[in-house]
Amino acid sequence: MDIISAALPMLLKGLQVTLYIFVIAIIIGFLVGLVIALFRLAPIKILNWIAKIYVDAIRGTPFIVQLFFIYFGLNSLQIISLNSTTAGIITVAINAGAYFAEIIRAGIQSIDKGQTEAARSIGFTGAQTMRYIILPQAFRRMLPTITNQSIISLKDTSLLSVIGIADLTQQGQIQASATFEAFKIWLAVGVIYFIIIYLLTLLANFVERRFQLR
Amino acid sequence: MSMITVKNLRKSFGKLEVLKDINAEVKEKEVICVIGPSGSGKSTFLRCLNRLEEITGGQVVINGHDITDKKVDLNKVRQEVGMVFQQFNLFPHKTVLENITLGPIKIHGTEKTEAEKLALELLDKVGLREKANSYPGELSGGQKQRVAIARALAMNPKIMLFDEPTSALDPEMVGDVLEVMKQLAKEGMTMVVVTHEMGFAREVGDRVIFMDGGYIVEENEPNALFGNPQHERTKAFLSKVL
Ligand SMILES: Nc1ncnc2c1ncn2[C@@H]1O[C@H](COP(=O)(O)OP(=O)(O)OP(=O)(O)O)[C@@H](O)[C@H]1O
Ligand SMILES: [Mg+2]
């Protein structure tokens, strides 16, 4: 037990990094996903194509390759210089964005066409219809899948340790090799991830209940 | 004064021509009922009047606005044309009151308290004031349709379009909705009503249009059209539904 309590401060420091990256990346990722979903549904061919290529490219490649491409690949061009945290946030955001885009697109398309017609017949513009009528309903339906993708993205952040980000997993590695107590340390790391994801699920359930359709 | 003028209106879905050379005119305060067999193009015709359907050819002028003109501000014209759908299409995530006030607040920029006052008056009119804070999911079909009518009226339209407003209702709910529509007609609203309710067409309609196969086959005052139809197709249709 004292092994773990000795390692805990460092693990929690790692958790802080994990959560910091996760929260920023998931917010950016959601906004990217929303824009890409709207591109996908817009009556403009070029935008459809941009959205489709983006989503297919992300879905068709492993996360770790995306990470290396952004961190090592982009930096090697020596046009921009991304530190590891920035590269990590960008990768998680761009990766989640593609999946969010698909979730949001499906959510929007699941709303009955009569809703759009009713809104347009009242005199709402296309943008107002999206904002006041379609998205609020679609969002309620998407919540469970959004939660799922967020959990996947949270777990994906553990791969950021390979580019040297001092996240929870990286701290686990440091502690495991310093203490020679791999079993206990990795068990503790696992439990911490589990608790965070559990809390995230509770939060999602709470939001879902608050927004439930009557 | 002419509220709706339709000239040589044509509408195709791909290769399928659904409306073929439709000509019609609706004057202020007139109530026009549109009848005809399923698939004859009644809904498509109605939906062309606020351009929910893109128009393939011809001209549609609504209260002086040529809506087939590329430069027309459709959103503006639609504010003058209320529409009521067979499936109600209330916004399920909004209360009855919010359904009615959303348009006035967001489009007309009406103050919330002002919009709510107006909405409650409209709810009184359709007999549903006590449902103001309910959600659409808690209402019966007939109640939903009356809220949908109130929602359309909240934009203070010059014209109301109805697409089979009672077809999705249980029989005992039909009367309440028709009663609201009758009242509206009495107050001088210009209305175009696609309906299977021949009794309503006869009692409330100033003119009845019979459509078949994408054409207006016959058009007349209700008593003349129902009592003495001129065309074989009209006779055949009426003998089935009367
Ligand atoms: N969006 C669409 N795409 C393709 N075809 C359509 C579309 N909407 C309607 N149609 C076709 O156009 C024709 C006329 O349809 P419309 O809905 O106007 O008929 P209707 O007279 O309202 O019939 P009903 O009494 O059944 O409502 C039908 O053959 C229908 O299948
Ligand atoms: Mg129809």
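In short, a report on the structure. (Residues numbered from 1 in each chain as written. Chains lettered and ligands numbered in written order. Predicted model: local features only at pLDDT ≥ 70, side-chain atom pairs only at ≥ 80, totals over all residues. Heavy atoms only, no water.)

Some details on the nonpolar core
Residue and element names in this part refer to chain B. Judged by nonpolar contacts, the single largest core of 71 residues is most densely connected at I4, V6, L9, F45, L49 and I62. Not counting residues within four places of it along the chain, the set of residues in contact with L49 comprises I4, V6, V60, I62, I67, L161 and V192. Counting residues in hydrophobic clusters, the runner-up holds 47 residues, among them C33, F88, A154 and M191. (Core = buried A, V, L, I, M, F, W, Y, C linked by side-chain atoms within 4.5 Å. Buried < 20%, exposed > 50% of the residue type's maximum accessible area, 1.4 Å probe, protein only. Contact = heavy atoms within 4.5 Å.)

As for the packing of aromatic side chains
Evaluation of the coordinates by the stated rule reveals seven aromatic pairs over all chains. With centroids separated by 6.4 Å and ring planes inclined at 50 degrees, the aromatic side chains of F124 of chain A and Y132 of chain A adopt a geometry described as tilted. Here F124 of chain A and Y132 of chain A have matching classes, each one buried. Measuring from centroid to centroid gives 5.2 Å for F210 of chain B and F237 of chain B, while their planes differ by 35 degrees, and the two rings are tilted. In this pair, F210 of chain B is assigned in strand β9 (residues 207-212) and F237 of chain B in helix α9 (residues 232-241), connecting sequence segments 27 residues apart. You can call F210 of chain B buried: its relative accessible area is 0%. Members of the aromatic cluster, connected to one another through ring pairs, are F30, F100 and F139 of chain A. Over the ring of F13 of chain B we find K11 of chain B; its NZ or CZ atom is 4.7 Å from the centre of that ring. Here the guanidinium or amino end of R151 of chain B rests over the ring plane of F91 of chain B, the centre of that ring lying 4.4 Å away. (Phe/Tyr/Trp six-rings, centres within 6.5 Å; stacked < 30°, edge-to-face > 60°. Helix = DSSP H or I, 4+ residues; strand = E, 2+ residues; numbered from the N terminus. Lys NZ or Arg CZ within 6 Å of the ring centre and 35° of its normal.)

Quick word on the site of ligand 1
All names here are of chain B. Taken together, the neighbourhood of ligand 1 is formed by F13, V18, P37, S38, G39, S40, G41, K42, S43, T44 and E164. The contact in question runs from an oxygen atom of ligand 1 to an N or O atom on the backbone of G39, over 2.8 Å. G41 has a polar backbone atom sitting 3.0 Å from an oxygen atom of ligand 1. Out of a free accessible area of 640 Å², ligand 1 has 59% covered by protein chains. Looking at which element gives the most residues to the shell around ligand 1, the answer is helix α1 (residues 42-48), with three residues. Among the residues making up the shell around ligand 1, the classes are represented as three nonpolar, six polar and two charged. (Near = heavy atom within 4 Å. Polar contact = N/O pair within 3.5 Å; in protein donor to acceptor, adjacent residues only side chain to side chain. Areas by Shrake-Rupley, 256 points an atom, 1.4 Å probe, with all protein chains shown as cover. Nonpolar A, V, L, I, M, F, W, Y, C, P; charged D, E, K, R; others polar.)

Quick look at α9 of chain B
All names here are of chain B. Among the residues of α9, T234, F237 and L238 are the ones counted as buried. The buried residues of α9 all sit within an arc of 95 degrees when viewed along its axis, so they share a single face. Of the residues in α9, the exposed ones pointing more than 90 degrees away from the buried face are E232, S239 and K240. Tucked inside the fold, the buried residues of α9 contact β3 (31-35), α7 (198-204), β9, β10 (215-220) and α8 (222-227). (Arc of directions from axis to C-beta.)

Description of the interface of chain B and chain A
Across the boundary between the two partners, chain B contributes 24 residues, which contact 20 residues of chain A. A combined buried area of about 1,900 Å² lies between chain B and chain A, and 61% of that area is made up of carbon and sulfur atoms. Sorting the residues of chain B by area buried against chain A places F91, H93 and K106 of chain B first, and these three jointly supply 27% of that buried surface. For the pair chain B and chain A, the number of links is one salt bridge. Between R47 of chain B and E117 of chain A there is a salt bridge whose closest N-O contact spans 2.7 Å. For the interface between chain B and chain A, the tally reads five residue pairs in polar contact (both at pLDDT 80 or more). Those elements giving two or more residues to the side of chain B that touches chain A turn out to be α2 (74-79), β6 (81-84) and α3 (96-108) of chain B. (Buried area = accessible area lost by both parts, 1.4 Å probe. Salt bridge = Lys/Arg side-chain N within 4 Å of Asp/Glu carboxyl O.)

Here's the deal with unusual backbone geometry
Residues and elements named next belong to chain A. The backbone phi angle of Q78 is positive, close to 60 degrees, even though this residue is not glycine. Following the sequence through the fold, Q78 ends up in the loop between α3 (63-76) and α4 (84-109). Accessibility expressed as a relative area gives 71% for Q78, which makes it exposed.

Considering the side chain of R207 of chain B
All names here are of chain B. With respect to the secondary-structure elements, R207 resides in strand β9. From its side chain, R207 meets the backbone oxygen of E25 in a polar contact 2.7 Å long. Excluding residues that lie within four positions of it along the chain, R207 makes contacts with E25, V26, E30, V31, I32, C33, E219, N220, E221 and P222.

Here we look at the layout of surface pockets
All names here are of chain A. Space inside the largest pocket adds up to approximately 420 Å³. Around the largest pocket sit 16 residues that line it, and L41, I108, T116, M130 and I134 are the ones nearest its centre. Among the secondary structure elements, those contributing two or more residues to the lining of the largest pocket are α1 (2-41), α4, α5 (113-122) and α6 (126-156). At five residues, the largest contribution of residues to the lining of the largest pocket is made by α6. Residues of the lining of the largest pocket, tallied by class, amount to nine nonpolar, four polar and three charged. Each pocket or cavity is described by its volume, and for the second largest pocket that value is around 330 Å³. (1 Å grid on protein atoms, 1.4 Å probe; cavity = no way out; pocket = protein on both sides within 12 Å on 5 of 7 lines; lining within 4 Å. Points joined across faces, edges and corners; volume = space filled by probe spheres on them.)

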